[in-house]
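Chain residues, written in single-letter form:
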Amino acid sequence: MYSKTKFLKKTMKNILITGGAGFIGSHVVRLFLNNYPEYNIYNLDKLTYAGNLEAMISKESSCENLIPLYRKNFEVNKTNSVWLNRAASRMDAKECSDDPLFVELVEALHGINPSANSAYYLGLLKDKAGDSQGALAYYEESLTLEEDQYRKATILYKIAVKFKTRGLKSKARTYALRALKNQPSMGKAYMLIANLYASSANKCGATQFEKRAVYWLAAKTARRAASVDPGVKKTALKMAASYSGRAPSKTDIFTEGNSGQTIRFTCWINDSVIVPEL
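Cut-offs applied
Residues numbered from 1 in each chain as written. Predicted model: local features only at pLDDT ≥ 70, side-chain atom pairs only at ≥ 80, totals over all residues. Heavy atoms only, no water. Helix = DSSP H or I, 4+ residues; strand = E, 2+ residues; numbered from the N terminus. Buried < 20%, exposed > 50% of the residue type's maximum accessible area, 1.4 Å probe, protein only. Contact = heavy atoms within 4.5 Å. Areas by Shrake-Rupley, 256 points an atom, 1.4 Å probe, with all protein chains shown as cover. Expected span 1.5 Å × (residues − 1). Polar contact = N/O pair within 3.5 Å; in protein donor to acceptor, adjacent residues only side chain to side chain. Phe/Tyr/Trp six-rings, centres within 6.5 Å; stacked < 30°, edge-to-face > 60°. Core = buried A, V, L, I, M, F, W, Y, C linked by side-chain atoms within 4.5 Å. Disulfide = S-S within 2.5 Å. Patch = residues over 30% accessible without salt bridge, like charges linked within 9 Å, V, L, I, M, F, W, Y side chains within 5 Å. Salt bridge = Lys/Arg side-chain N within 4 Å of Asp/Glu carboxyl O.

Draft legend 1. View of the overall build of the protein. A tally of regular secondary structure across the protein gives 14 helices and four strands. Buried positions account for 41% of the 278 residues belonging to the protein. Within the protein, contacts between residues separated by at least 24 positions form 58% of all contacts whose residues are at least 6 apart in sequence. Accessible area for the protein stands at about 15900 Å²; split by element, carbon and sulfur atoms hold 52% of it.

Right under this line is the structure:
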């Protein structure tokens, strides 16, 4: 004779609970979640006064039980977008995204229903794993799928920040400029470029004067940020003033005798600046 527990384990694949969002029902849901993690738990509740089932599942779940559970069921569900989305969402909520299974879940979901968000998220995961080329491919796919210009600008700016962090200044500027093409009022993109220029002072130019002249270009770019974006105006103007203070002084200009002349930077900046008139 089978016990109730053995009977459930042998015959049930799905469990339906009615009123599972209430006080007593929620305890029943937790009981089944803890004892039968391999089953699909379905709750039918009018939700007139209680919370929701996903919150309870999230509370009771942990990486320790989610990972083996989803790994076990991944193969048979890898074309089930509902299951994949649920599994990925729960793993992300419980901070299980470091496990390789999480990447597999998101990639499978993206393969079924590709979106700008899923492509960008996969880019982040590839970046985190140290796969820069794979990350960039997903970022570019995200940009292709995204139709909204402002969202596209946000993605481009985030990519620019990542390249800046990695010290790839030319690529960072390229993506920042692409962001500005989609959203000309994005002051922070100009500020990022200004910072890239300033960080290259003393590295671009043949003489000490030319190297410090890079700060004029940085200040000019920061002022551009202030002019297009009221939200960053105060910070951008402070940045511009700081950069201007590091550029050659009037005395330096007089000594060099190059007032009004053009200085071209042949490093990655590949731009020029006009020495202020005295």
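Now that the structure has been shown, we can carry on.
Draft legend 2. Focus on helix α6 (residues 100–112). Given a rise of 1.5 Å per residue, 13 residues ought to cover 18 Å, and the 19 Å separating the end C-alpha atoms of α6 matches this to within 8%. What α6 keeps buried is the set Leu101, Phe102, Leu105, Val106, Ala108, Leu109 and His110. Buried-residue contacts for α6 involve α4 (63–77), α5 (81–93), α7 (116–128) and α8 (132–145). Its side-chain oxygen placed 2.9 Å from the backbone nitrogen of Leu101, Asp99 serves as the N-cap of α6.

Draft legend 3. The packing of aromatic side chains, seen in detail. All told, the structure shown has seven aromatic pairs when counted by the stated rule. Aromatic side chains Tyr70 and Trp83 sit 5.5 Å apart centroid to centroid with 90° between the ring planes, which places their arrangement in the edge-to-face category. Placement of Tyr70 in helix α4 and of Trp83 in helix α5 is noted, with a sequence separation of 13 residues between them. In this structure, Tyr70 and Trp83 share a single accessibility class: buried. Here the aromatic rings of Phe209 and Trp216 are separated by 6.0 Å at their centres, their planes lie at 65°, and the arrangement is edge-to-face.

Draft legend 4. Molecular detail of the nonpolar core. Ranked by internal contacts, the top residues of the largest apolar core, which has 52 residues, are Tyr175, Trp216, Tyr243 and Phe265. Of all the secondary structure elements, the ones that give two or more residues to this core are α8, α9 (149–165), α10 (169–182), α11 (187–198), α12 (208–228), α13 (233–246) and β3 (262–265). In contact with Phe265, not counting residues within four places along its chain, are Cys204, Glu210, Ala213, Val214, Leu217, Asn270, Asp271, Ser272 and Val273. Residues Leu66, Leu69, Cys96 and Leu109 belong to the second largest nonpolar core, which totals 19 residues.

Draft legend 5. Just the environment of Leu16, in detail. Note that Leu16 resides in strand β1 (residues 14–18). Sequence separation between Leu16 and Tyr42 is 26 residues; the distance between their C-alpha atoms is 4.6 Å.

Draft legend 6. Just the state of the cysteines, in detail. Tallying each qualifying case throughout the model produces two disulfides. What pairs with Cys63 in a disulfide is Cys96, and their sulfur atoms sit 2.0 Å apart. Its S-S torsion of about -100° marks the bond between Cys63 and Cys96 as left-handed, since a negative value means left-handed. Residue Cys63 is located in helix α4, and its partner Cys96 is located in the loop between α5 and α6; the two are separated by 33 residues in the primary sequence. In this structure Cys63 comes out as partly exposed when scored by relative accessible area, which is 24%. Between the sulfur atoms of Cys204 and its disulfide mate Cys267 the distance is 1.9 Å. Between Cys204 and Cys267, the S-S dihedral sits near 100°, and the bridge is therefore right-handed. Separated by 63 residues along the polypeptide, Cys204 in the loop between α11 and α12 and Cys267 in the loop between β3 and β4 (271–274) bring together distant segments of the chain. The class of Cys204 is buried, set by a relative accessible area of 2%. When its relative accessible area of 22% is taken as the criterion, Cys267 is described as partly exposed. Once the disulfide-bonded cysteines of the protein are ranked by sequence position, their pairing pattern turns out to be 1-2, 3-4.

Draft legend 7. Seen up close, a nonpolar patch on the surface. A cluster of nonpolar side chains, Leu16, Tyr42 and Leu44, forms an exposed patch at the surface whose accessible area comes to about 340 Å². Here Leu16 falls in the exposed class, since its relative accessible area comes to 59%.

Draft legend 8. Examining the pattern of salt bridges more closely. On inspection of all chains with the given rule, the structure shows six salt bridges. Close ionic contact of Lys128 with Asp98 constitutes a salt bridge, the shortest N to O distance being 2.6 Å. Residue Lys128 is located in helix α7, and its partner Asp98 is located in the loop between α5 and α6; the two are separated by 30 residues in the primary sequence. Exposure remark for Lys128: the relative accessible area of 56% places this residue in the exposed category. Look at Asp98 and you get exposed, because its relative accessible area is 60%. With a closest N to O distance of 3.3 Å, Arg178 and Glu140 form a salt bridge. Of this pair, Arg178 sits in helix α10 while Glu140 sits in helix α8, and the two are 38 residues apart along the sequence. For Arg178, a relative accessible area of 32% corresponds to the partly exposed category. Glu140 sits in the partly exposed class, given a relative accessible area of 26%.

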